[in-house]
Amino acid sequence: ATNQTLRQDRLDPFRRVNRQMVTAAIGVVLILVMATFDYRFLKVYAGFIYAGVVVALLLVRVPFLGSSAAGAQRWFEAGGFQITPSEFAKIGLIVMLAASLSEMKLSLPTIQDVIRLCGVVLVPLLLVFIQPDIGTSIVMVAIAAGMFLVAGVRGRHLGALVVICLVLIAAAFQLGVIRAYQLDRLRAFVDRENTPEDVRYNLDQAEIAVGSGGLLGQGYLHGRQTTLDYVPEQHTDFIFTVAGEEFGFVGAVFVLTLYALLLWRSIRI
């Protein structure tokens, strides 16, 4: 995704690859450590884990501690790596909700329980939302909804939560909490034909890249949209366009199949 760009800047073309390899190695070590740890002990430390992620989400908003880019302040810079508290917040939320819901295993959660747990969800959710990080906010809502459903929260209570969420979303739009560029992205997705060309630029370039890949792709490091940097953020948010352009429909389906396999194994476990 960044090979040609780094070469043009006279940098090591494998700069990001090396970073990914280091991250993967650290991940393998962490997985092995976690495999030896009885996850049920997390219940004892759930409160500390939850408090830790909330503190981290607060600290990342401090100007001289947190790093910002493209209008968002959501990570710490450390040793050449970006540490994103909102990613740990997902795990902290899961652990805290699991610990709380496990106390109710002999009975279904009452409306009072649901309200209390919604408060637990709301604190990190709001801190992530104001970064702003709409995508992670949606993921956190999905996490909470899924855990409530599995825990046996009554259908009418879940329905009430859905209505409240919709009202809060509508209020966010009316009160200007949602920023202009975020509204533009939504408009570009919903009403593409009537959206200015500069607003839908990312969407247009992404579709051109994937579409130009055809069946088998243009070949590794030969994607024009990728090598000429037409697709913004192509090594992060738009990484899928690189697979689509250089490896075509077959490569794109292969990537999606790997995700499907990961999801299926997770559900089985």
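The following refers to the structure shown. Given the structure is predicted, the values throughout are model-derived calculations rather than measurements.

1. Some words on the pattern of salt bridges
Okay, so step 1: What the rule picks out here adds up to 8 salt bridges.
Okay, so step 2: Residue arginine 187 is joined to aspartate 184 by a salt bridge in which the shortest nitrogen-to-oxygen separation is 3.1 Å. In this pair, arginine 187 and aspartate 184 are both assigned in helix α8 (residues 180-190), 3 residues apart and thus about one turn of the helix distant.
Okay, so step 3: Given the relative accessible area of 46%, arginine 187 is considered partly exposed.
Okay, so step 4: Taking the shortest distance from any N to any O, the salt bridge between arginine 192 and aspartate 204 comes out at 2.5 Å. Of this pair, arginine 192 sits in the loop between α8 and α9 (201-212) while aspartate 204 sits in helix α9, and the two are 12 residues apart along the sequence.
Okay, so step 5: In this structure, a network of salt bridges that share partners links the residues Arg192, Arg200, Asp204 and Glu207.

2. Side note on the nonpolar core
Okay, so step 1: Counting 28 residues, the largest nonpolar core has Leu93, Leu97, Leu101, Leu117, Met140 and Phe148 as its most contacted members.
Okay, so step 2: Mapped by element, the contributors of at least two residues to this core are α3 (42-59), α4 (85-102), α5 (111-129), α6 (134-151) and α7 (155-174).
Okay, so step 3: With residues up to four places along the chain from it excluded, the contact list for leucine 97 reads Leu117, Val121, Ala144, Met147 and Phe148.

Definitions and limits used
- Residues numbered from 1 in each chain as written.
- Predicted model: local features only at pLDDT ≥ 70, side-chain atom pairs only at ≥ 80, totals over all residues.
- Heavy atoms only, no water.
- Salt bridge = Lys/Arg side-chain N within 4 Å of Asp/Glu carboxyl O.
- Helix = DSSP H or I, 4+ residues; strand = E, 2+ residues; numbered from the N terminus.
- Buried < 20%, exposed > 50% of the residue type's maximum accessible area, 1.4 Å probe, protein only.
- Core = buried A, V, L, I, M, F, W, Y, C linked by side-chain atoms within 4.5 Å.
- Contact = heavy atoms within 4.5 Å.

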